[in-house]
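Residue-level listing of the chains:
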Amino acid sequence: MKKNTMFSALMISLGFLLSCGSGADKQASTEMEQSLRAPAYPLITHDPYFSIWSFGDTLNAQSTKHWTGEDQPLIALAQVDGKVYQLASNAISLLEDVVPTAQKKPYDVRYTYDNPGNGWEAAEFSDQSWKTGMAPFGDNSVDNPMKSASRYDKEIWYRRTFTLDEIPNDPKLLISHDDAVQVFINGVLAYEDPNFILDYGQRDLTAEGIQALRKGENILSVHCRNDRGGAFIDVGLVQEKRLLDTELAKQTAVHLTATQTAYSFDAGGVAIDLTFTSPLLMDQLEVLARPASYLTFKSASKDGKAHDVKIWFALSGKVSADKANQEVKVATEDHDQLLIQSVGTTSQQLLGKKGDNVRIDWGKAYIAATKKESISTTPNTLQDFVAHIAQQGGASSAKVGYAADILMGVEMTLGKVSDAVSEHLVIAYDDEYSVQYFGKNLRPWWRRDNKTGALDMIQAAEKDYDRLMQACQSFDKKLSADAKSAGGQHYADLCNLAYRQAIAAHKVVANTNGELLFFSKENFSNGSIGTVDVTYPSAPLFILYNTELAKGLLRFIFEYSESGRWKKPFPSHDVGTYPLANGQTYGEDMPVEEAGNMITLTAAIAVRDGNAHFAEKHWETLTTWTDFLKKEGLDPANQLCTDDFAGHLARNANLSVKAIMGIASYAKLAEMLKKEAVAKEHFDLARQMAAEWMKLAANGDHYTLAFGQKDTWSQKYNLIWDKLLKLNIFPKEVVEKEIAFYKTKQQTYGLPLDSRKTYSKSDWILWTATLADDADFETFVNPVWKFANETPDRIPLSDWHETTDGKSVGFRARSVVGGYFVKMLEKEMAK
């Protein structure tokens, strides 16, 4: 599913300018005081739709983004003694069309599906024999960013004539292409990419391509080839128009903990701190499920003198829209104590779309501040907002417009600042309904009484501010200390980095019977909802901190089978495509994988709870799945496992371990339920299977990737449950032999997944590391820390990376990094 494992940031002709990897960003990063340089920094993280990040070291070097890479600007500016400084997001700019894309309106081209031969791209080439038609071209597949005007399936060449009155300043390409593309300007290669951009992205032109532009008539020549999946092509040119001259505040520090990301800036004579807090506290379920974050501004004089300080904060309408050209509306809500604004699309298509690289476009985003004279709203269009800051008008402003051009914001006049002064905002989202579950729209957990509304939720968040800020700081301190004690400082850094990401890849909802359901989304790995083999690696975090959430990950899979909708003797892979959980949509089953996962996790929950009540409710289903593993698990047929990107594999040794662990876990549950005969039968069987496994997988100093495949190897991370659940199924020599062998296979950025490729999964490396003795744990963890610290891919943490160069292979912002907490879980379960 290559088109779901990669991305490109969407840019449209009317929107914020994307500014990536600037010199200021690189310079500032060398001045930071943070042990781990995060690949990206979480800012506001609650669920797959409400998840905003900074994709670089400095907060003011680029636009903030949704985890998918789509710009969702959070703008923060400070005026100190009359001078305006940029704190968050890059300088406010618009992109002006030079040659519009079809997003504005379709345009005429000449095109052919037949290879035209050499010279077709030249300005003087005669294309009179080609067809005429309207762009954009595509196949109207789900991957297309808009409806196509003309058909393109396999390969297309087209030429477009455009006229320039003057040469644009620093023109950029605005393009969506699926797949490989070449773009020429007047016969000169201006852009080439063998991959794809599913949405519209801004890309640099070659220097030669820019130089080829001329006044008067020009020819844009495009060749696009579809290698697999959907097909689409649309190309235009844009240029930046900077709307507000600001000076970048100097970022002096960034500090990331489990629930907070804190930035420090110097702006003139004032030090300004911005702290983003998403209070995802697992011991406070009502708070964790409440989609409300805090942004705290703290200002203090650096030189002992009083300075005039004013802060502006604005949230783009794109936070509540999937596409930047969707129409949104801003409103000021009626509340006695709080100044509350909202923004949402005018269409409000509730649960109207599903998929991977999509964002929410129903419900509303909110910002709230205390009602007082020093805080007021700002104009709602981008240009009026800028005019207001520049004191050139902008007092009245439209409330409706394109998402990229609409803002809701506040102005906070702090006055003369010498000692520290603090203000905070609540930033929240109300989606009204979160998931469709077998035809029924389910409320988010915090709305389950059908009475509580957005303003109630925001008021509760505001009331809890002081308490939760203290609670978050205490929790973060304890998590860091516990993780460091369990596995060292680098391990603690990874746990802090993974915490918010893992939780925010889920949504907490209420089932119609009042039970909690905790749905994951497969972020950039196909968009499935409730995937069992995504739950499996993420589970250690939730089993460690709150087993009610862990149960919420399993309930809908049990219900799917027990309702009769899923009729196979093993669990489904998923229950749909996010946010529509109406039944499995993944094209193939993972029979042994999902059966082993469900049984093992149910046992882990029981051991953590100290009782098997949850398992007892589903005993008949667990028995059916165990019987399947007894028949099919020891020597698995050719099938997929959770590492499906590696392809089908017969006789998979690690998958066989999973089946054995599933049978042993069933025995553990039977033991806890006083079913002594059943327990003994299955413990004995699991040990017999383990002995047979050792013979089938034997390969001298290690065990094979697959039975019968000599001189292959793989990480046997599924063995971890033998240790965590104290099952004692495999002899110690199995783990000892494997760990010793793995140490000879380490690469710069970690242990490869297996002998087929040098890529790896960092969640599985952490599981493998936990199999090892404490003395060897950091041997495997430190290269993962090095990957996170040095990867060139500035995106929310990828769990699938190349161990030789630290580049992301695919996936990002996924819940599976909850698996990093397996070492902490091991320490807890050893007590």
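Quick note: structure is the one above.
A brief structural summary. (Residues numbered from 1 in each chain as written. Predicted model: local features only at pLDDT ≥ 70, side-chain atom pairs only at ≥ 80, totals over all residues. Heavy atoms only, no water.)

1. Here's the deal with the overall build of the chain
- Counting its secondary structure elements, the chain contains 19 helices and 40 strands.
- Against the globule reference of 28 Å for 831 residues, the chain gives a C-alpha radius of gyration of 28 Å, in line with a compact fold.
- Dimensions along the principal axes, computed over C-alpha positions, put the chain at roughly 85 × 70 × 50 Å.
- Burial status across the chain gives 65% buried among its 831 residues.
- If you take every contact in the chain between residues at least 6 apart in sequence, the share linking residues at least 24 apart comes to 73%.
- Both charge centroids of the chain, one from 89 positive and one from 108 negative side chains, sit 2 Å from each other. (Helix = DSSP H or I, 4+ residues; strand = E, 2+ residues; numbered from the N terminus. Rg over C-alpha atoms; globule rule 2.2 N^0.38 Å. Buried < 20%, exposed > 50% of the residue type's maximum accessible area, 1.4 Å probe, protein only. Contact = heavy atoms within 4.5 Å. Lys, Arg positive; Asp, Glu negative; His and termini not counted. Charge placed at Lys NZ, Arg CZ, Asp CG, Glu CD.)

2. Looking at the sheet that holds strand S38 (residues 759-761)
- If you walk across this open sheet you meet the three strands as S38-S39-S40, and the pairing is antiparallel. At either margin of the open sheet sits one strand with a lone partner, and together these are S38 and strand S40 (808-810). On average, each strand axis in the sheet is tilted by 35 degrees relative to the strand beside it, whichever way the strands run.
- Both strand S39 (residues 800-802) and S40 contribute to a ladder of two bridges, which runs antiparallel. Bridging from a neighbouring strand, tryptophan 800 pairs with glycine 810 of S40.
- Across the sheet, helix H17 (residues 762-771) touches S38 and S39, and the angle it forms with S38 is around 70 degrees. (Pairing = 2+ DSSP bridges. Axes fitted to C-alpha atoms, helices over the stretch in contact; angles between N-to-C directions.)

3. Here we look at the nonpolar core
- Phe313, Trp693 and Trp721 are the most contacted members of the largest nonpolar core, which has 212 residues in total.
- The greatest single-element share of this core, amounting to twelve residues, is contributed by helix H13 (residues 653-672).
- Ignoring sequence-local partners within four residues, the contact set of tryptophan 693 consists of Leu634, Ala653, Ser656, Val657, Ile660, Tyr703, Phe707, Lys716, Phe730 and Val734.
- Ala102, Leu164, Val183 and Ile197 belong to the second-largest nonpolar core, a separate cluster that totals 31 residues. (Core = buried A, V, L, I, M, F, W, Y, C linked by side-chain atoms within 4.5 Å.)

4. Quick notes on the state of the cysteines
- Counted by the stated rule, this structure contains zero disulfides.
- The thiol of cysteine 495 is unpaired, and the distance to the nearest cysteine sulfur, on cysteine 472, comes to 17 Å. (Disulfide = S-S within 2.5 Å.)

5. A few points about the pairing of strand S21 (residues 270-277)
- Burial within S21 is extensive, with six of its eight residues counted as buried.
- Connecting the antiparallel pair strand S20 (residues 260-267) and S21 is a turn made up of two residues, with glycine 268 showing a positive phi of about 65 degrees.
- In the sheet, S21 pairs with strand S22 (residues 292-301) via eight bridges, with the strands oriented antiparallel. Within S22, the residue paired with phenylalanine 276 across the bridge is leucine 295.

6. Thoughts on the pairing of strand S17 (residues 232-242)
- By the criterion of burial, S17 is predominantly enclosed, with eight of the eleven residues buried.
- Two elements, strand S9 (residues 137-138) and S17, share two bridges in a ladder whose sense is antiparallel. Paired with glycine 138 across the two strands is phenylalanine 232, which belongs to S17.

7. Regarding the packing of helix H10 (residues 591-609) against H13
- Running from N to C, H10 and H13 point in directions that differ by 35 degrees, and their axes come no closer than 8 Å. When you trace H10 past H13, the crossing you get is left-handed. Between H10 and H13, the residues in contact are Val592, Glu593, Gly596, Asn597, Ile599, Thr600, Thr602, Ala603, Ala606 and Val607 and Leu655, Lys658, Ala659, Met661, Gly662, Ser665, Tyr666, Lys668, Leu669 and Met672, respectively.
- The residue makeup of the contact of H10 with H13, split by class, is eleven nonpolar, six polar and three charged. (Left-handed = near helix turned anticlockwise from the far one by under 90°. Nonpolar A, V, L, I, M, F, W, Y, C, P; charged D, E, K, R; others polar.)

8. As for the packing of helix H7 (residues 489-504) against helix H8 (residues 532-545)
- At a minimum axis distance of 10 Å, the contact between H7 and H8 shows a crossing angle of 95 degrees. On the basis of the axis angle, H7 is roughly perpendicular to H8. Mapping the contact onto sequence places Tyr499, Ala502 and Ile503 in H7 and Leu541, Phe542 and Tyr545 in H8.
- Tallied by class, residues from the contact of H7 with H8 come to six nonpolar, no polar and no charged. (Parallel < 35°, antiparallel > 145°, perpendicular 65-115°, else oblique.)

9. Looking at the pattern of salt bridges
- One pass over the full model with this rule turns up 52 salt bridges.
- Across the pair lysine 658 and glutamate 593 runs a salt bridge whose closest N-O atoms are separated by 2.3 Å. Linking lysine 658 in helix H13 with glutamate 593 in helix H10, this pair joins segments that are 65 residues apart in sequence. Exposure class is identical for lysine 658 and glutamate 593. Each is buried. (Salt bridge = Lys/Arg side-chain N within 4 Å of Asp/Glu carboxyl O.)

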